[in-house]
Amino acid sequence: MSRDISTVAFIGLGVMGYPMAGHLAEAGLTVRVYNRTQSKAEQWCERFDGSHHATPAEAASGADLVLVCVGNDDDVREVTTGPDGVLSTLSQGAILVDHTTASSSLAEELDQACQKQDVGFIDAPVSGGQQGAENGALTIMCGGQEEHFSRARPVLEHYGRAVTLMGGVGAGQLTKMVNQICIAGLVQGLAEGLHFAEQAGLDQERVVEVISQGAAGSWQMENRHATMIRDEYEHGFAVNWMRKDLDICLNQARQLEARLPVTALVDQFYADVQAMGGGRWDTSSLLRRLRERSDRKD
């Protein structure tokens, strides 16, 4: 059974979910929200046109589409298949979309649970950070059936500039793993380059201005070099969350017999940053790790 999407539920109003749900309200959809900390949901309703609810199940009741954006696999299970989860009230023909960066095995688990209730499922992790969420410019990597994707896509495009079906269920999460693997190496490379320039007495800003025009250029270089040079690390995705994501990548790699030596090494570098008290710093804080280790030798 298929139906038009006019009422949506958004579960999880963190730094990503809060603005994502806001874009849906501003687009004229009926939005029902749930957040573990109720005051955050109340705050959202003061800013946007929508309603907040006491449980995920209550928020999902009557919704055509439910969007989940929470912390990890266990959080997703709690708000979907738990006693007060959305699947306890979601009706036939509705669609569940999980924006959480989670394991591909969880995506398969949720798909099976949804199939039993004639509910569609899409795993749809996002990339672009808080800024991308606020600007409605996220990259959304989806896994699922074409039928469900084509129905959900117009809604996702309210906060996604690139919404792509990568394959069957789980393909979205696997693609996000590739994204995090690539980012880990890029950020470490940028940190080492800036550290080397600093130690060599070069003008780091001028160095970046020159090399960013060539093959070394990247999003990380363009958007993070200035704050890294200033030793400021409150501008992006937290180290704690990156380690959670890299753990997912490394576990999946073991199952696939894929070799990720650089990713494993950078994961340990982030463990060093956590030991420095930087779990909430953004991922570019790899440069501070290098600076502190250099200072110790001095």
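Our subject is the structure listed above.
Heads up: these notes are all about the structure in this document. (Residues numbered from 1 in each chain as written. Predicted model: local features only at pLDDT ≥ 70, side-chain atom pairs only at ≥ 80, totals over all residues. Heavy atoms only, no water.)

Topic: the overall build of the protein chain
Counting its regular elements, the protein chain contains 13 helices and nine strands. A compact globule built from 298 residues should have a C-alpha radius of gyration of about 19 Å, and the protein chain, at 20 Å, falls within 12% of that. Counting only C-alpha atoms, the protein chain reaches 65 × 45 × 35 Å along its principal axes. Residues classed as buried in the protein chain amount to 52% of the 298 residues present. (Helix = DSSP H or I, 4+ residues; strand = E, 2+ residues; numbered from the N terminus. Rg over C-alpha atoms; globule rule 2.2 N^0.38 Å. Buried < 20%, exposed > 50% of the residue type's maximum accessible area, 1.4 Å probe, protein only.)

Re the pairing of strand β5 (residues 95-98)
Burial along β5 is two-sided: Ile95 and Val97 facing one way and Leu96 and Asp98 facing the other are all buried. The pairing of strand β4 (residues 65-68) with β5 spans four bridges and is parallel. Bridging from a neighbouring strand, Leu67 pairs with Val97 of β5. On the question of chirality, the crossover connecting β4 to the parallel β5 by way of helix α4 (residues 73-80) is right-handed. (Pairing = 2+ DSSP bridges. Right-handed = clockwise from strand over helix to strand, strands pointing away.)

Concerning the packing of aromatic side chains
Any pair of aromatic rings gets described here by the distance separating the centres and the angle formed by the planes. What the rule picks out here adds up to three aromatic pairs. Note on Tyr18 and Phe48: the rings are 6.1 Å apart at their centroids and 65 degrees apart in plane angle, and the pair reads as edge-to-face. Placement of the pair is Tyr18 in helix α1 (residues 17-26) and Phe48 in the loop between α2 (38-47) and β3 (51-52), with a sequence separation of 30 residues. Judged by relative accessible area, which is 9%, Phe48 ranks as buried. Through a chain of ring-to-ring contacts, the aromatic side chains of Tyr18, Trp44 and Phe48 assemble into a single cluster. Just above the ring of Phe269 sits the side chain of Arg289; from NZ or CZ to the centre is 3.8 Å. (Phe/Tyr/Trp six-rings, centres within 6.5 Å; stacked < 30°, edge-to-face > 60°. Lys NZ or Arg CZ within 6 Å of the ring centre and 35° of its normal.)

Things to note about the pattern of salt bridges
For the structure shown, the criterion picks out 13 salt bridges. Residues Arg291 and Glu198 are paired through a salt bridge, measuring 3.1 Å at the closest nitrogen-oxygen approach. Pair noted here: Arg291 is in helix α13 (residues 286-297) and Glu198 is in helix α8 (residues 171-199), with a separation of 93 residues, a long-range link. Of the residues examined, Arg291 reaches a relative accessible area of 11% and is grouped as buried. Here Asp267 makes a salt bridge to Arg243, at a shortest N to O gap of 3.0 Å. Taken as a pair, Asp267 in helix α12 (residues 261-275) and Arg243 in helix α11 (residues 239-256) lie far apart in primary sequence, 24 residues in all. Classification of Asp267 by relative accessible area gives buried; the value is 6%. Here the salt bridges do not stand alone but share partners, grouping Glu198, Asp231, Arg288 and Arg291 into one network. (Salt bridge = Lys/Arg side-chain N within 4 Å of Asp/Glu carboxyl O.)

Considerations on the packing of α4 against helix α5 (residues 104-115)
Contact geometry for α4 and α5: axes closest at 11 Å, N-to-C directions at 10 degrees. If you check the angle between α4 and α5, you find them roughly parallel. In this structure, α4 contributes Asp73, Val76, Arg77 and Thr80 to the contact, and α5 contributes Leu106, Glu109 and Leu110. (Axes fitted to C-alpha atoms, helices over the stretch in contact; angles between N-to-C directions. Parallel < 35°, antiparallel > 145°, perpendicular 65-115°, else oblique. Contact = heavy atoms within 4.5 Å.)

Section: the side chain of Asp98
With respect to the helices and strands, Asp98 occurs in strand β5. Although Asp98 lies buried, it forms no salt bridge, and the closest oppositely charged side chain, Lys244, sits 9.1 Å away as judged by the N-O distance. Among the polar contacts made by the side chain of Asp98, one reaches the side chain of Thr100 at a distance of 2.8 Å. The residues contacting Asp98, other than those within four sequence positions of it, are Val68, Val76, Leu106, Leu110, Phe121, Ile122, Asp123, Ala124, Pro125 and Gln173. (Lys, Arg positive; Asp, Glu negative; His and termini not counted. Polar contact = N/O pair within 3.5 Å; in protein donor to acceptor, adjacent residues only side chain to side chain.)

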